[in-house]
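Results of the structural survey
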Amino acid sequence: LSRSLFEESMLLLLSDNKLFSNFIVSYMYQINTSQEFLYFPAQQDGQVDDIVTNLIYEVRERSSSGNGNVIQYLLAVLFTLLARIHAEENNINAETQPKIASLLDIISYINQNSNTVNLSVLEERFSYSSGYIYRMIKQDCGQSFTQLVQNAKLQHAREILKTTDTSIVEVAEESGFQDSQYFSKLFKEKFGLTPRQYREMCQESIVSSF
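Residues numbered from 1 in each chain as written. Predicted model: local features only at pLDDT ≥ 70, side-chain atom pairs only at ≥ 80, totals over all residues. Heavy atoms only, no water.

Structural notes on helix H7 (residues 130-141)
In an α-helix, one full turn covers 3.6 residues, which means residues spaced three or four apart are oriented alike. Helix length check: H7, at 12 residues, gives a terminal C-alpha distance of 16 Å against a target of 16 Å (1.5 Å per residue), a fit within 8%. For H7, every residue scored as buried is listed here: Ile 133, Met 136, Ile 137, Asp 140 and Cys 141. On an axial view of H7, the arc spanned by its buried residues comes to 95°, and they lie on one face. Along H7, the residues that are exposed and aim more than 90 degrees away from the buried face are Arg 135 and Gln 139. Following H7 by one or two positions, Gly 142 adopts a phi angle in the positive range, close to 75°. (Helix = DSSP H or I, 4+ residues; strand = E, 2+ residues; numbered from the N terminus. Expected span 1.5 Å × (residues − 1). Buried < 20%, exposed > 50% of the residue type's maximum accessible area, 1.4 Å probe, protein only. Arc of directions from axis to C-beta.)

Focus: helix H10 (residues 180-191)
Compared with the 16 Å implied by 1.5 Å per residue over 12 residues, the 16 Å span of H10 between its first and last C-alpha is a close match. For H10, the full list of buried residues reads Phe 183, Leu 186 and Phe 187. Viewed along the axis of H10, the buried residues span an arc of 105°, placing them on a single side of the element. For H10, exposure combined with an orientation more than 90 degrees from the buried face picks out Gln 181 and Glu 189. The residue sitting at the N-terminus of H10 and contributing the capping side-chain oxygen is Asp 179; that oxygen lies 2.9 Å from the backbone nitrogen of Gln 181. Positioned one or two residues after H10, Gly 192 has a phi angle of 80°, which is positive. (Polar contact = N/O pair within 3.5 Å; in protein donor to acceptor, adjacent residues only side chain to side chain.)

Notes on the packing of aromatic side chains
With the rule as written, the count across this model stands at 6 aromatic pairs. Ring centres 5.1 Å apart and planes at 40° place the aromatic pair Tyr 128 and Tyr 132 in the tilted group. Relative accessible area serves as the criterion here: at 31%, Tyr 132 is assigned to the partly exposed category. On the numbers, 5.7 Å between centres and 65° between planes, the contact of Phe 187 with Tyr 198 is edge-to-face. Within this pair, whereas Phe 187 is found in helix H10, its partner Tyr 198 is found in helix H11 (residues 195-208), the two being separated by 11 residues in sequence. Residue classification places Tyr 198 among the buried residues on the basis of a relative accessible area of 8%. Feature note: the residues Phe 177, Phe 183, Phe 187, Phe 191 and Tyr 198 constitute an aromatic cluster, connected by ring pairs. A cation over a ring is seen here: Arg 125 above Phe 126, with NZ or CZ 5.9 Å from the ring centre. Its end group placed over the ring of Phe 177, Lys 153 keeps NZ or CZ at 5.6 Å from the ring centre. (Phe/Tyr/Trp six-rings, centres within 6.5 Å; stacked < 30°, edge-to-face > 60°. Lys NZ or Arg CZ within 6 Å of the ring centre and 35° of its normal.)

Structure representation (structure tokens):
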């Protein structure tokens, strides 16, 4: 599963599933590198089996309409069921440190509102000072607030390029970049391709799947 999958949508879907969401955020942003995997030694479960079977089918049928959304929601359901089984078998409550939960909420909000978000908006929404939010992101994510927002914008742009024929200038504007040339430069630095090259690659991939 790609990092971009979680940055684009899975964090939002898993926002109430603290066992998985905090693990994913911690691993993605190197908050706590001591735990590199979650292990579930559970008995066979019919629901889990069915979801995994459906996931395999959807992954094989990548060209189907709405396929990406189905995969995302199936994964969210799968992770929720596994977390429930884990909690029941170990008689635990999967609550975690408030700081990590707050960081998850902030990152999810940034990803969903990258065009308009700023530190003042986060300060008002999450009741932390802008200085505290900036330091928390820098310390726990290893990147500045500006870098986090910029990456969220680039991920949004990549999704537009992959799913529409919108011009590069309009993609830049929709993603929150005023200068399309600067946007193209940042896009290539992050993904190794220009926006146009990335779109062409996606189109070729779709054609080859038929």
